[in-house]
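Listed below, chain by chain, are the residues.
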Amino acid sequence: MTIKDRFLPKKGSNWRSIAVLMLGAFLGLGLFVAKEAEVVSYLSDDPQACINCHVMTSVYKSWSNSSHHKVASCNDCHVPQDNVAKKYYFKAKDGLYHASVFTARNEPQVIRIKEDSEAVVQQNCIRCHVGQVTDSKLTAYLDDHIENRTTRKCWSCHQNVPHGDVHGSSSITYHIAPKPTDELDKKTKIPEWLKEAVKEK
(Lines give C-alpha, C1' and ligand atoms only; values in the text may rest on other atoms or scores of the structure.)
Protein backbone atom coordinates (compact mmCIF):
# COMPACT_ATOMS: atom_id res chain seq x y z
CA MET A 1 0.00 0.00 0.00
CA THR A 2 1.46 3.34 -1.07
CA ILE A 3 1.49 6.50 1.04
CA LYS A 4 -1.07 8.08 -1.32
CA ASP A 5 -3.46 5.15 -0.78
CA ARG A 6 -3.09 5.43 3.01
CA PHE A 7 -4.17 9.06 3.15
CA LEU A 8 -6.64 9.28 0.26
CA PRO A 9 -9.91 7.33 -0.09
CA LYS A 10 -10.03 4.54 -2.68
CA LYS A 11 -10.17 5.40 -6.39
CA GLY A 12 -13.68 5.88 -7.71
CA SER A 13 -14.92 7.06 -4.32
CA ASN A 14 -16.66 10.46 -4.15
CA TRP A 15 -14.59 11.20 -1.06
CA ARG A 16 -11.34 10.99 -3.06
CA SER A 17 -12.25 14.07 -5.14
CA ILE A 18 -13.34 15.95 -2.03
CA ALA A 19 -10.13 14.97 -0.18
CA VAL A 20 -7.93 16.12 -3.10
CA LEU A 21 -9.87 19.39 -3.33
CA MET A 22 -9.57 19.99 0.43
CA LEU A 23 -5.83 19.23 0.42
CA GLY A 24 -5.34 21.63 -2.50
CA ALA A 25 -7.36 24.33 -0.74
CA PHE A 26 -5.37 23.98 2.51
CA LEU A 27 -2.06 23.98 0.62
CA GLY A 28 -3.09 27.02 -1.42
CA LEU A 29 -4.31 28.88 1.66
CA GLY A 30 -1.09 28.03 3.52
CA LEU A 31 1.08 29.34 0.66
CA PHE A 32 -1.06 32.50 0.39
CA VAL A 33 -0.73 33.21 4.13
CA ALA A 34 3.04 32.57 4.00
CA LYS A 35 3.39 34.99 1.08
CA GLU A 36 1.23 37.70 2.69
CA ALA A 37 3.03 37.34 6.04
CA GLU A 38 6.41 37.54 4.27
CA VAL A 39 7.57 34.44 6.15
CA VAL A 40 10.84 34.10 4.21
CA SER A 41 11.94 37.60 5.26
CA TYR A 42 12.18 36.43 8.89
CA LEU A 43 15.03 34.07 7.99
CA SER A 44 17.27 37.07 7.27
CA ASP A 45 18.92 39.57 9.60
CA ASP A 46 17.30 42.52 7.82
CA PRO A 47 15.69 44.92 10.34
CA GLN A 48 12.99 45.70 7.74
CA ALA A 49 11.52 42.24 8.49
CA CYS A 50 10.72 43.40 12.02
CA ILE A 51 8.37 46.10 10.74
CA ASN A 52 6.18 43.71 8.75
CA CYS A 53 3.91 44.24 11.76
CA HIS A 54 3.00 47.93 12.03
CA VAL A 55 3.10 47.95 15.84
CA MET A 56 6.90 47.57 15.70
CA THR A 57 7.41 50.71 13.60
CA SER A 58 8.01 53.05 16.55
CA VAL A 59 10.60 50.62 17.94
CA TYR A 60 12.27 50.42 14.51
CA LYS A 61 12.29 54.21 14.15
CA SER A 62 13.82 54.76 17.58
CA TRP A 63 16.54 52.17 16.82
CA SER A 64 17.25 53.70 13.39
CA ASN A 65 18.00 57.04 15.10
CA SER A 66 20.21 55.50 17.78
CA SER A 67 23.93 54.91 18.18
CA HIS A 68 23.39 51.17 17.56
CA HIS A 69 21.95 51.72 14.09
CA LYS A 70 25.28 51.39 12.25
CA VAL A 71 26.69 48.50 14.29
CA ALA A 72 23.83 46.23 15.39
CA SER A 73 20.65 44.95 13.77
CA CYS A 74 17.58 43.75 15.68
CA ASN A 75 18.83 40.16 15.64
CA ASP A 76 22.24 41.13 17.03
CA CYS A 77 20.54 42.11 20.28
CA HIS A 78 17.30 40.13 20.43
CA VAL A 79 18.36 36.66 19.20
CA PRO A 80 20.92 34.26 20.74
CA GLN A 81 24.28 34.40 18.96
CA ASP A 82 26.06 31.35 20.43
CA ASN A 83 24.95 28.88 17.70
CA VAL A 84 22.83 28.77 14.56
CA ALA A 85 20.34 26.13 15.78
CA LYS A 86 19.57 28.09 18.94
CA LYS A 87 19.25 31.31 16.93
CA TYR A 88 16.64 29.94 14.52
CA TYR A 89 14.79 28.01 17.23
CA PHE A 90 14.46 31.22 19.25
CA LYS A 91 13.38 33.20 16.16
CA ALA A 92 10.74 30.59 15.32
CA LYS A 93 9.42 30.42 18.89
CA ASP A 94 9.30 34.19 19.27
CA GLY A 95 7.93 34.67 15.76
CA LEU A 96 5.04 32.25 16.29
CA TYR A 97 4.15 34.02 19.53
CA HIS A 98 4.27 37.45 17.85
CA ALA A 99 2.28 36.21 14.84
CA SER A 100 -0.46 34.80 17.04
CA VAL A 101 -0.71 37.99 19.12
CA PHE A 102 -0.76 40.31 16.09
CA THR A 103 -3.17 38.10 14.10
CA ALA A 104 -5.61 38.07 17.03
CA ARG A 105 -5.14 41.87 17.38
CA ASN A 106 -4.24 41.25 21.00
CA GLU A 107 -1.05 43.32 21.19
CA PRO A 108 -0.63 45.45 24.31
CA GLN A 109 -0.58 49.25 24.23
CA VAL A 110 3.01 49.19 25.47
CA ILE A 111 5.20 46.33 24.24
CA ARG A 112 7.40 44.95 27.01
CA ILE A 113 10.20 42.42 26.71
CA LYS A 114 9.49 38.88 27.98
CA GLU A 115 11.69 37.03 30.48
CA ASP A 116 13.30 34.71 27.87
CA SER A 117 14.12 37.69 25.67
CA GLU A 118 15.53 39.65 28.62
CA ALA A 119 18.12 36.92 29.20
CA VAL A 120 19.10 36.94 25.51
CA VAL A 121 19.43 40.73 25.34
CA GLN A 122 21.50 40.74 28.54
CA GLN A 123 23.88 38.10 27.12
CA ASN A 124 24.24 40.08 23.89
CA CYS A 125 24.92 43.34 25.75
CA ILE A 126 27.74 41.63 27.64
CA ARG A 127 29.00 39.90 24.46
CA CYS A 128 29.45 43.23 22.66
CA HIS A 129 30.45 45.37 25.64
CA VAL A 130 32.61 42.94 27.59
CA GLY A 131 35.35 45.60 27.74
CA GLN A 132 33.12 47.99 29.65
CA VAL A 133 31.70 45.25 31.86
CA THR A 134 35.15 44.12 32.98
CA ASP A 135 36.80 47.57 33.07
CA SER A 136 38.33 47.97 36.53
CA LYS A 137 38.30 51.79 36.22
CA LEU A 138 34.50 51.78 36.38
CA THR A 139 34.60 50.40 39.91
CA ALA A 140 36.07 53.71 41.10
CA TYR A 141 32.88 55.66 40.42
CA LEU A 142 30.07 53.09 40.12
CA ASP A 143 28.67 51.64 43.33
CA ASP A 144 28.70 47.84 43.49
CA HIS A 145 29.96 47.55 39.90
CA ILE A 146 32.08 44.46 40.60
CA GLU A 147 29.27 42.60 42.38
CA ASN A 148 26.52 43.53 39.91
CA ARG A 149 28.23 43.85 36.56
CA THR A 150 26.87 40.56 35.17
CA THR A 151 23.72 40.14 37.27
CA ARG A 152 22.19 43.60 37.06
CA LYS A 153 20.28 44.23 33.81
CA CYS A 154 22.21 46.64 31.60
CA TRP A 155 19.05 48.67 30.90
CA SER A 156 18.50 49.34 34.60
CA CYS A 157 21.09 52.11 34.06
CA HIS A 158 21.08 52.48 30.27
CA GLN A 159 17.31 52.80 29.85
CA ASN A 160 17.38 54.77 26.60
CA VAL A 161 19.78 52.49 24.69
CA PRO A 162 19.06 51.90 21.84
CA HIS A 163 15.36 52.70 21.64
CA GLY A 164 15.17 56.07 23.37
CA ASP A 165 12.55 57.00 25.93
CA VAL A 166 9.60 57.44 23.55
CA HIS A 167 7.89 54.22 22.50
CA GLY A 168 4.69 55.17 20.77
CA SER A 169 3.23 56.55 17.58
CA SER A 170 4.57 60.00 18.51
CA SER A 171 8.14 58.74 18.03
CA ILE A 172 7.64 58.09 14.32
CA THR A 173 7.43 60.55 11.45
CA TYR A 174 4.30 61.35 9.46
CA HIS A 175 4.45 58.29 7.18
CA ILE A 176 2.19 55.27 6.85
CA ALA A 177 3.54 52.20 8.65
CA PRO A 178 5.06 49.72 8.29
CA LYS A 179 6.80 50.67 5.04
CA PRO A 180 8.46 52.55 3.38
CA THR A 181 10.20 53.91 6.48
CA ASP A 182 13.73 54.09 5.07
CA GLU A 183 12.62 55.75 1.85
CA LEU A 184 10.97 58.55 3.81
CA ASP A 185 13.97 58.93 6.09
CA LYS A 186 16.11 59.77 3.04
CA LYS A 187 13.82 62.69 2.26
CA THR A 188 13.45 65.80 4.34
CA LYS A 189 11.30 65.54 7.45
CA ILE A 190 9.61 68.87 6.67
CA PRO A 191 6.24 68.46 4.90
CA GLU A 192 5.76 70.36 1.63
CA TRP A 193 2.86 72.44 3.00
CA LEU A 194 5.10 73.73 5.81
CA LYS A 195 7.91 74.63 3.39
CA GLU A 196 5.43 76.64 1.32
CA ALA A 197 4.06 78.40 4.42
CA VAL A 198 7.59 79.39 5.50
CA LYS A 199 8.43 80.72 2.00
CA GLU A 200 5.34 82.93 1.97
CA LYS A 201 6.42 84.80 5.13
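Here the structure is shown first, and the text comes after it.
Residues numbered from 1 in each chain as written. Predicted model: local features only at pLDDT ≥ 70, side-chain atom pairs only at ≥ 80, totals over all residues. Heavy atoms only, no water.

Caption draft 1: Expanded view of a nonpolar patch on the surface. Together, Trp-15, Ile-18, Met-22 and Phe-26 make up a nonpolar patch on the protein surface, roughly 480 Å² of accessible area in all. The residue Trp-15 is located in helix H2 (residues 14-36) in this model. The exposure class assigned to Trp-15 is exposed, which follows from its relative accessible area of 59%. (Patch = residues over 30% accessible without salt bridge, like charges linked within 9 Å, V, L, I, M, F, W, Y side chains within 5 Å. Areas by Shrake-Rupley, 256 points an atom, 1.4 Å probe, with all protein chains shown as cover. Salt bridge = Lys/Arg side-chain N within 4 Å of Asp/Glu carboxyl O. Helix = DSSP H or I, 4+ residues; strand = E, 2+ residues; numbered from the N terminus. Buried < 20%, exposed > 50% of the residue type's maximum accessible area, 1.4 Å probe, protein only.)

Caption draft 2: Main features of the packing of aromatic side chains. Scanning the model with the defined rule gives one aromatic pair in all. Centre to centre, the rings of Tyr-60 and Trp-63 are 5.6 Å apart; their planes meet at 50°, and the pair counts as tilted. Pair noted here: Tyr-60 and Trp-63 are both in helix H3 (residues 57-64), with a separation of three residues, about one helical turn. Judged by its relative accessible area of 5%, Tyr-60 falls in the buried class. Here Trp-63 falls in the buried class, since its relative accessible area comes to 8%. (Phe/Tyr/Trp six-rings, centres within 6.5 Å; stacked < 30°, edge-to-face > 60°.)

Caption draft 3: Focus on the packing of helix H5 (residues 84-103) against helix H6 (residues 115-128). With their axes 12 Å apart at the nearest point, H5 and H6 run at an angle of 145° to one another. Relative to H6, H5 is oriented so that their crossing is left-handed. Contacts between H5 and H6 involve Phe-90, Lys-93 and Asp-94 on the former and, on the latter, Asp-116, Ser-117 and Val-120. Residues belonging to the contact of H5 with H6 are distributed by class as follows: two nonpolar, one polar and three charged. (Axes fitted to C-alpha atoms, helices over the stretch in contact; angles between N-to-C directions. Left-handed = near helix turned anticlockwise from the far one by under 90°. Contact = heavy atoms within 4.5 Å. Nonpolar A, V, L, I, M, F, W, Y, C, P; charged D, E, K, R; others polar.)

Caption draft 4: Looking closely at H2. Between its first and last C-alpha, H2 extends 33 Å over 23 residues, near the 33 Å set by a 1.5 Å rise per residue. Downstream of H2 by one or two residues, Glu-38 has phi in the positive range, about 50°. (Expected span 1.5 Å × (residues − 1).)

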